[in-house]
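Chains, contacts and geometry: an overview
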Amino acid sequence: MRKKTLLVVSVYRVGERIHPIIPELYKISDIDLLKVNEMSSAMSWYGTIDPRIKFEKSYSQYFDNVFDRGYDGFKNKKIDIDLSQYDIVIYDDVRPRYGLDKVYNIVSNLGIPMVGSIHGGGRGYGSGDYDKGIGKAFDYLFVMGNMDVDVHKEGSKLIKIGIPSNDILKTYQKSNDYILCVTNFLANHWERLDSCPLQVDENYIKKLGLIELQREFDKKVVFKIKTRHNNPSPQDDINFMRSIIPKDLDYEILMDVEDDNLLMSNSFFVISPASTLTFKSIQQGIPTVLIKDAGVLGHFWDYKGLVDLNTQQIFDEIERQYSSDKEVDFIENTIEGGIDFTSIEKCISGIKSVLK
C-alpha cells in the first residue's frame, strides 16, 4: 500500500530548495499540499515575478489535494484536515508559525513523524532554530550536510539532504556572460543588524571595485537584489540602486528571475554576501567572493573566498580562485551530495528511513 505525505509550503525562497524532490517523492507516496503564509493565494506577491506560478506548473500534477489556508494558516483557525490519513508530514521551514504547532501536536499524538527543513545558510546554521522548532514544528530536521551535524545536538534527528534544487546544475553549461553582484540589505530602508552590519549604499558599491573589474574583463555587471515581503516596494529598491551605482557602469538590475540556476551558471564570477544562492556558483566552480558582514555568516564561516569589503582583497580573491580548483573540501563538508549533484537521492533516502 502506498504511503501518504502532507507537504507544507510556507516561504518560497526557503522551500524552493526541496521542491525538486516532489516527483521522486511521488514515486513512493501520494502527496497532499498545504499552502500557508507566502505560498498561500491570499498573499499578493511582492516582487517582480511570482515564482508560485512556476511551482504550480511544475508540480500540481503530483498533488491529490491542495489545501490553501491563508497567510496565517491555522493560527486563528481549527485544523480542518484529517491528519490521521498521513504517514509523514514534511514542512519547508523550522519555525512553529502559522498554527503549524497545532498540526505538530496532532500528528505527534498520532505517532506520525513531522520533518522540518533548515531555514537557510544563515539562520539555519547553529542550534537556535533547531531548539525553537524541535518538539513544536518537527521531530526530524532536513539539514545540508556534515557542518550542520557538527553544531547540532541531536545527530539522530538530522537528515543530511544537501540542496536538492541544485542537482539540476549538472545539466547547465557555464557561459561567463557577466559579473554577478548579489545584494542583501539595502540602505534605503533597513536598520543595521549586529549579524550583518554592512548595508548596500554608495560606499559599499564603490568598494566592490566594479568599474575597475568591468574595465579589466569587459563584462556587464548584473545586480541581483533580494525580494522581501517587507520591502516598501520593488520599484523603490530598484530606484535606490540606480541612485548609488556609478553612472559610467554598464549594468542591469534584476529582482525575481525565472531561473536562478541559469542566472548563476551564466556568471563570469560572483560577488555576494553570505547567501545560500551562492552555493550554486560554488558547486559549479565559478569564482565566488563573499563579503564579510554583508550577510549572516552561517555555513560560510570557513569558506576561503570570504573577504572584507576591500577592493584589493576582492581583486586578489578573484585571481586566487581563477588559478585554483573547485572548493571540494568545503562543498563535501557543507552540502550532502553537492559534488556529484545527488542531493535529491539523499533526501528521498532520508525520507524512506523515517517512514520505516
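Above this text is the structure in question.
Residues numbered from 1 in each chain as written. Predicted model: local features only at pLDDT ≥ 70, side-chain atom pairs only at ≥ 80, totals over all residues. Heavy atoms only, no water.

1. A closer look at the packing of aromatic side chains
The tally for this structure, following the rule as stated, stands at 14 aromatic pairs. Ring centres of Phe-55 and Tyr-59 lie 5.4 Å apart, and the angle between their planes is 55°; on these two criteria the pair is classed as tilted. Placement of both Phe-55 and Tyr-59 in helix H3 (residues 51-59) is noted, with a separation of four residues, approximately one turn of the helix. Here Phe-55 matches Tyr-59 in class, with each residue buried. Taking 5.1 Å as the distance between ring centres and 55° as the angle between the ring planes, the aromatic pair formed by Tyr-303 and Phe-330 counts as tilted. Highlighted residues: Tyr-303 in the loop between strand E12 (288-291) and strand E13 (306-307) and Phe-330 in helix H13 (residues 328-334), separated in sequence by 27 residues. On the accessibility criterion, Phe-330 (8% relative accessible area) is buried. When the ring centre of Tyr-140 is taken as reference, the NZ or CZ atom of Lys-157 above it lies at 5.0 Å. Taking NZ or CZ as reference, Lys-219 lies 5.1 Å from the ring centre of Phe-268, over its face. (Phe/Tyr/Trp six-rings, centres within 6.5 Å; stacked < 30°, edge-to-face > 60°. Helix = DSSP H or I, 4+ residues; strand = E, 2+ residues; numbered from the N terminus. Buried < 20%, exposed > 50% of the residue type's maximum accessible area, 1.4 Å probe, protein only. Lys NZ or Arg CZ within 6 Å of the ring centre and 35° of its normal.)

2. Brief notes about unusual backbone geometry
Although it is not a glycine, Asn-176 adopts a positive phi angle of roughly 60°. Position of Asn-176 among the secondary structure elements: in the loop between strand E7 (158-160) and strand E8 (178-182). Residue Phe-341 is not a glycine yet carries a positive backbone phi of 55°. A residue is classified by how much of its surface remains accessible, and Phe-341, at 10% relative accessible area, is buried.

3. Here we look at empty space enclosed by the protein
Summed over all chains, the structure comprises two cavities of 30 Å³ or more. Within this model, the largest cavity holds a volume of roughly 80 Å³. Every residue along the wall of the largest cavity is listed here: Val-14, Arg-17, Ile-18, Ser-117, Ile-118, Phe-142, Val-143, Met-144, Ile-161, Gly-162, Ile-163 and Pro-164. Grouping the amino acids of the lining of the largest cavity by side-chain chemistry returns nine nonpolar, two polar and one charged. (1 Å grid on protein atoms, 1.4 Å probe; cavity = no way out; pocket = protein on both sides within 12 Å on 5 of 7 lines; lining within 4 Å. Points joined across faces, edges and corners; volume = space filled by probe spheres on them. Nonpolar A, V, L, I, M, F, W, Y, C, P; charged D, E, K, R; others polar.)

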